[in-house]
Amino acid sequence: MCPNFYCHQTNLPDNFNPFLEQHDDHQFPAPEFHPMCVDHNLPPLVDVDHNININHYNNPFDTHPLTLQALDSQNIHDHIPQFDESTDSLSKSNSKSVDTVLSSTTSLELLSRYRSKFISSKEVSIDEVGTDSVGTLSTVEIINLAAEKFISFSANKANGYTMFTHPYGSSAFTRLSMDEIREVELVFQLLTAAEKVGKKQFEIASKFLVRCGWVASDDGSPVERLVFHLCDALQERIGKETGMPVPKKPKKFDQKNENPLALGTNPSFLATHISLPFTQVLQLCGIQAIIDQVGTSSKVHLIDIHIRSGVQWTALIQALSERKSEIELLKITAFATSLDIQKVGETGKRLECFAKTLSLPFVFKILVLSDITEVKEEQFDVQDGEAVAVFCQVILRTMISRPQSFENLMRAIRKINPLVIVVAEVEANHNSTSFVNRFTEALFFYGAFFDCLEACMSRDDVHRGILEGVHFADGMKNIVACEGDERVSRSVNINTWRLFFKRFGMVEIELSDSCMYQANLVLQQFSCASSCTLQNNDKCLIIGWKGTPLQSLSTWKFVQE
């Protein structure tokens, strides 16, 4: 039996254009950087969510001070004061909601511009949290508490209140352990530093970052590790904006992320692939979607744009070998660049050996390109009678900053008319023009990931250290510190992908019950299964950690005219 999933649909205005980056007049700081767009007919992707809601991350402390009313973007100035405005002119209510006490749009931008992607969890009062919670708080829960303190502090300071009240706003927070109180304070200091960076008060921001450095550590708790790397990212941004060089810290790992967009793999990725459930859940669910669509075809041609180790295709090979109807050929075409052609070739040899042991006719082809977006229809070498499927795992997001090249790739795929296109992507919005928005998204997104690593890998695991200290750290720096063409990490959420794919005449395919069964079956193999969340968003599957969305899987096909 497959579980029932809640389907959440977002209604967007008919005239909304998802391809134009949204520059809110009230945002702080004002947008100063505009990504270069090669093709004006296909600008970069952006987040399409408008509603304002702090509860984007399944906040267990869902009390009224953290809830904001959704505002009409065209009348935003009627509700939100400018940074230097007084709050005296705002209406005052007994609810004491944030939107009636905030005087700084920075606080709003930093913590409130989010839209719930999951079902809101049962509302729990702060007092209930203090008495009924079992075990320590998660990283995202710590962030939420720090956010509540930050907003409360900003509101009280703006209204001239003396901050001699309890620093956490409620006596219930005294039930936190000393370690949790320390971590809430640490994240609060980080939020304050980010606010000062957004206001270009770099000297003050640097002082707060120094304070964070007294506690943050790259080998401590998940919160300490997260703050450590985000401090580095903020320091790098300060260096870029001021022109002052940032002192280089000694490297803990003798490994470089020389080509983060390369199509290869490394031992650290393989170790996390085995230890964490997300990739395996999406891959097995995607494979089932491919099997559903190719049906009883005797010739199957799979095109993998980002094959990495290719270990997932052993499951497809086994499934096809056990199929009752005879399979004449399974052909896998893998994209490769000059940087990783050797690794892709090794992947092909391993798959060939595995297929041979199962007596499955198999061909592995490497498509070498200087840029994967330069592929042409004839290079796919699709033969008559082949059922074609395309698999795109966490690769399309790397092309968002190059819309013309992206369009070329999609048009080439359209010409071969695959039965299904499987897209696995990061479920986050790292493409906002606002530094503050990107910082906040990175804080919650990586906070959930670091929390998951704590549950699934030991603190002294070398592969965990490399993943956090090299790959995740570089990702955070690119999101937080970079602008323009230099910013290549531009993940967008599923609603934005839907509007983008619709432009190419693509329609979403609903995942079958078998796909959902596979996802749950794989998830139950992990000891951390109870902390993972599987949710349906229309026809898409989203997997998260303790309510925070992390990755999505969707399937598509072209509507032929």
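Refer to the structure presented above.
Residues numbered from 1 in each chain as written. Predicted model: local features only at pLDDT ≥ 70, side-chain atom pairs only at ≥ 80, totals over all residues. Heavy atoms only, no water.

Asker: Would you mind showing me how to read the overall build of the protein here?
Answerer: Scanning the protein from N- to C-terminus turns up 15 helices and nine strands. Out of the 561 residues in the protein, the part that is buried amounts to 56%. Taking the contacts inside the protein whose residues are at least 6 apart along the sequence as the reference set, 80% of them involve residues at least 24 apart. Carbon and sulfur atoms make up 50% of the accessible area of the protein, which amounts to about 24600 Å² in all. (Helix = DSSP H or I, 4+ residues; strand = E, 2+ residues; numbered from the N terminus. Buried < 20%, exposed > 50% of the residue type's maximum accessible area, 1.4 Å probe, protein only. Contact = heavy atoms within 4.5 Å. Areas by Shrake-Rupley, 256 points an atom, 1.4 Å probe, with all protein chains shown as cover.)

Asker: Where do I start with helix α4 (residues 178-198) in this structure?
Answerer: Given 3.6 residues to a turn, an α-helix orients residues that are three or four positions apart in the same direction. Compared with the 30 Å implied by 1.5 Å per residue over 21 residues, the 30 Å span of α4 between its first and last C-alpha is a close match. Burial within α4 is extensive, with 16 of its 21 residues counted as buried. Where α4 ends, the next residue or the one after it, K200, has phi of about 60°, a positive value. (Expected span 1.5 Å × (residues − 1).)

Asker: Just checking my understanding: could you explain the environment of W497 for this structure?
Answerer: Of note, W497 is situated in helix α14 (residues 494-503). Take W497: its relative accessible area is 1%, and that puts it in the buried class. It is 9.9 Å that separates the C-alpha atoms of W497 and L396, two residues lying 101 residues apart in sequence.

Asker: Hey, could you run me through the packing of aromatic side chains in this one?
Answerer: In this description, a pair of aromatic rings is defined by centroid distance and the angle of the planes. Scanning the model with the defined rule gives 19 aromatic pairs in all. With a centroid separation of 6.2 Å and 75° between ring planes, the pair formed by F406 and W497 is classed as edge-to-face. Within this pair, whereas F406 is found in helix α11 (residues 403-416), its partner W497 is found in helix α14, the two being separated by 91 residues in sequence. Across this residue pair, the class does not change: F406 and W497 are buried. (Phe/Tyr/Trp six-rings, centres within 6.5 Å; stacked < 30°, edge-to-face > 60°.)

Asker: For this particular structure, what's the right way to read the nonpolar core?
Answerer: Among soluble globular proteins, nonpolar side chains are generally buried collectively. In this structure, L234 and W313 are the most contacted members of the largest nonpolar core, which totals 104 residues. For this core, the leading source of residues is helix α12 (residues 435-456), giving 13 residues. With 34 residues, the next largest nonpolar core counts I372, I395, I400 and I542 among its residues. (Core = buried A, V, L, I, M, F, W, Y, C linked by side-chain atoms within 4.5 Å.)

Asker: What is the right way to read α12 from this model?
Answerer: If you check α12, its first and last C-alpha atoms are 31 Å apart, about what 22 residues at 1.5 Å a residue would give, namely 32 Å. Counting buried residues in α12 gives 19 out of 22 residues, a clear majority hidden from the surface.

Asker: Could you clarify how one ought to interpret the pattern of salt bridges in this entry?
Answerer: Pairing is possible between side chains that carry opposite charge, provided their charged atoms lie close to one another. In total, this model carries 20 salt bridges according to the counting rule given. For K546, the salt bridge goes to D451, with nearest N and O atoms at 2.9 Å. Residue K546 is located in the loop between β8 (540-545) and β9 (548-558), and its partner D451 is located in helix α12; the two are separated by 95 residues in the primary sequence. On the basis of relative accessible area, D451 is assigned to the buried category, the value being 8%. (Salt bridge = Lys/Arg side-chain N within 4 Å of Asp/Glu carboxyl O.)

Asker: I would appreciate a short explanation of the state of the cysteines in the present structure.
Answerer: Each disulfide is one covalent bond, formed between the sulfur atoms of two cysteines. Evaluated as defined, the whole model comprises zero disulfides. With no disulfide of its own, C532 lies 4.5 Å from the sulfur of C528, the closest cysteine sulfur. A relative accessible area of 8% places C532 in the buried class. (Disulfide = S-S within 2.5 Å.)

Spatial relationships are all this shows, so hold off on functional conclusions.
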